[in-house]
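Residue-level structure breakdown
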Amino acid sequence: MTKVLVLYYSSYGHIEQMADAVAEGARSAGADVDVRRVAETVPQAVVEAAHFKTESAHALIEGPDALADYDAIIVGSPTRFGRMPSQMASFWDATGGLWFTGKLIGKVGGAFTSTASQHGGQETTLFSIITNLMHHGMTIVGLDYGFQAQVGVDKVRGGSPYGATTIADGDGSRQPGPDELDGARYQGRRIAETAAKLK
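Source: prediction; values computed, not measured.

1. Observations concerning helix α6 (residues 178–198)
Its 21 residues place the ends of α6 30 Å apart at the C-alpha level, agreeing with the 30 Å of an ideal helix rising 1.5 Å per residue. Listing the buried residues of α6 in full gives E180, L181, G183, A184, Y186, Q187, G188, I191, A192, T194 and A195. Contacts made by the buried residues of α6 are with β1 (3–8), α1 (14–28), β3 (72–78), β4 (108–115) and β6 (164–167).

Right under this line is the structure:
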């Protein structure tokens, strides 16, 4: 059975919702899926002042070496100034040993994200994640246009050929919509299917 990891960091819960949808999509392709989050790295005073969501049904990832156990790794994080936040970046910065030994070469990867606005850096954030995966020798699967619900300007909607996305609004009040969650499911399924074929 194909093993898939959905690895995420979420400040306010938007990415956590997307991670659950990605996992649901991967499971629909018959994959064995784990959902894990990376550790919070900012001081507790910042977490409290910013009202970060600290409760989660998902355990922390054990550490970078756990990545080698999976056939596919799908990474989600919000954007910070058009790139992945320090919490996720510091996790990937600790994967040098995996890179040196080539443990992730040939695995399948993908990315998903959330921004406050439609032009808040979704694609650059996706690429900041994808760049790490490609340096590890992973094959990238995005949100292809087989998922047509990402097309159109009739409403606010996330979606990018580089990965599933959602838009949270500046105050975080907008939650992932049905199309965005469906996009996450679609991408999760496509990644799991691709990993199964390559395995």
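After that view, the rundown keeps rolling.
2. A word on the UniProt feature "binding site: substrate" (unreviewed entry) in the protein
Residues annotated in UniProt with the feature "binding site: substrate" (unreviewed entry) correspond here to W99. Taking the relative accessible area as the measure of exposure, W99 reaches 52% and is therefore exposed. Those residues within four positions of W99 in sequence are excluded, and the remaining contacts are H135 and H136.

3. Quick word on the layout of surface pockets
Counted as a void, the largest pocket has a volume near 380 Å³. Along its surface, the largest pocket is lined by 21 residues, and Y12, P78, R80, A116 and A168 are the ones closest to its centre. Every element with two or more residues in the lining of the largest pocket is listed here: α1 and β4. Estimated volume of the second largest pocket: approximately 310 Å³. In terms of lining residues, the second largest pocket is bounded by 16 residues, among which Q118, Q122, E123, R157 and G159 are the most central. Its residues placed into classes, the lining of the second largest pocket shows four nonpolar, nine polar and three charged.

Basis of the calculations
- Residues numbered from 1 in each chain as written.
- Predicted model: local features only at pLDDT ≥ 70, side-chain atom pairs only at ≥ 80, totals over all residues.
- Heavy atoms only, no water.
- Helix = DSSP H or I, 4+ residues; strand = E, 2+ residues; numbered from the N terminus.
- Expected span 1.5 Å × (residues − 1).
- Buried < 20%, exposed > 50% of the residue type's maximum accessible area, 1.4 Å probe, protein only.
- Contact = heavy atoms within 4.5 Å.
- UniProt positions renumbered as here; feature names shortened; annotations may be inferred.
- 1 Å grid on protein atoms, 1.4 Å probe; cavity = no way out; pocket = protein on both sides within 12 Å on 5 of 7 lines; lining within 4 Å.
- Points joined across faces, edges and corners; volume = space filled by probe spheres on them.
- Nonpolar A, V, L, I, M, F, W, Y, C, P; charged D, E, K, R; others polar.

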